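Understanding the architecture of this molecule
For reference, the chains in residue letters:
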Amino acid sequence: MTALETAKFALERDEKELDIISRDMVKIEKTDKVDGILARYRITVNLGDKNTYIIRKGSDTPEPVNKITFYADVPYTYPQCAVRVYFGTKQGLYHVNTWNDDNHRQCIDVWTKYSSIKSVIEKTLRAILYDEDVCRYESMANSLAKNWQQKKVREGEFPIYPSSVLFRKSIDISKPSVKRTKSVKTNPRCHPVVRKVIA
């Protein structure tokens, strides 16, 4: 099996894990083929009468919204190499684990043999709900959000919903499936050039 065939096989296998995510508030779409990557997913979360918070480009003030979209780009070297998760150039999640950079990248922790497209999408969905089980204050991408976010937790505003709302009713998950390790060898093939980004 070639490297590309291996990547396609692994992605097809791991895509099936996405079935546990409830489609009541989450829409997952595989977009048209994009040059430079194996696949791109567009994930839209509709929170109904609740709000998550975004930061717009050029602003440092969080803004409440009840709908948010993020993207997951899968490299040709999947599953050996990490999926890239980001919100796009115009706005991003206001969260300690989301970079306030040009593409508002989401921190997905260390990529290991246990990581998958499902694990990074799940972690980002939990971050959107401000689930403290996946929040890492010891490894912040946006330290400016720390005091604000912790205050919302103390006041009982976060999490927005219990994370169980993300999963189909037959699934009982109380902890994230993301597994962490202390160290990992960097694979130089894991940083492909992404020719297109979402505006």
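Our subject in this report is the structure included herewith. This structure is a prediction, so every number in the text was calculated from the model and none was measured.

This paragraph deals with the sheet that holds strand 3 (residues 52-56). A sheet is described by the order of its strands in space; here three strands give the open sequence 4-3-7, paired in antiparallel fashion. Single-partner strands in this sheet number two, and they are strand 4 (63-65) and strand 7 (91-93). Within the sheet, the average angular offset between the axes of one strand and its neighbour, ignoring direction, is 45 degrees. Looking at chain direction, strand 3 and strand 4 are connected through three bridges and run antiparallel. Note that in strand 4 the partner of Thr-52 across the bridge is Val-65.

What follows is about the nonpolar core. Within the largest apolar cluster, 48 residues are counted, with the highest numbers of intra-cluster contacts made by Tyr-41, Ile-43, Phe-70, Val-74, Val-83, Ile-117 and Leu-125. Counting residues per element, this core draws most heavily on helix 2 (residues 117-128), which supplies six residues. Those residues in contact with Ile-117 that lie beyond four places of it in its chain are Leu-11, Asp-14, Glu-15, Tyr-41, Ala-72, Val-74, Tyr-78 and Val-83.

The four strands lie next to each other as 1-2-5-6, forming an open sheet whose pairing is antiparallel. With partners counted over all chains shown, the strands left at the sheet margins are strand 1 (26-30) and strand 6 (84-86), one partner each. Pairs of neighbouring strands in the sheet enclose a mean axial angle of 20 degrees, with direction left out of account. Here strand 5 (residues 67-74) pairs with strand 6 via three bridges, running antiparallel. What sits directly across from Asp-73, in strand 6, is Arg-84.

About the criteria used
Residues numbered from 1 in each chain as written. Predicted model: local features only at pLDDT ≥ 70, side-chain atom pairs only at ≥ 80, totals over all residues. Heavy atoms only, no water. Pairing = 2+ DSSP bridges. Helix = DSSP H or I, 4+ residues; strand = E, 2+ residues; numbered from the N terminus. Axes fitted to C-alpha atoms, helices over the stretch in contact; angles between N-to-C directions. Core = buried A, V, L, I, M, F, W, Y, C linked by side-chain atoms within 4.5 Å. Buried < 20%, exposed > 50% of the residue type's maximum accessible area, 1.4 Å probe, protein only. Contact = heavy atoms within 4.5 Å.

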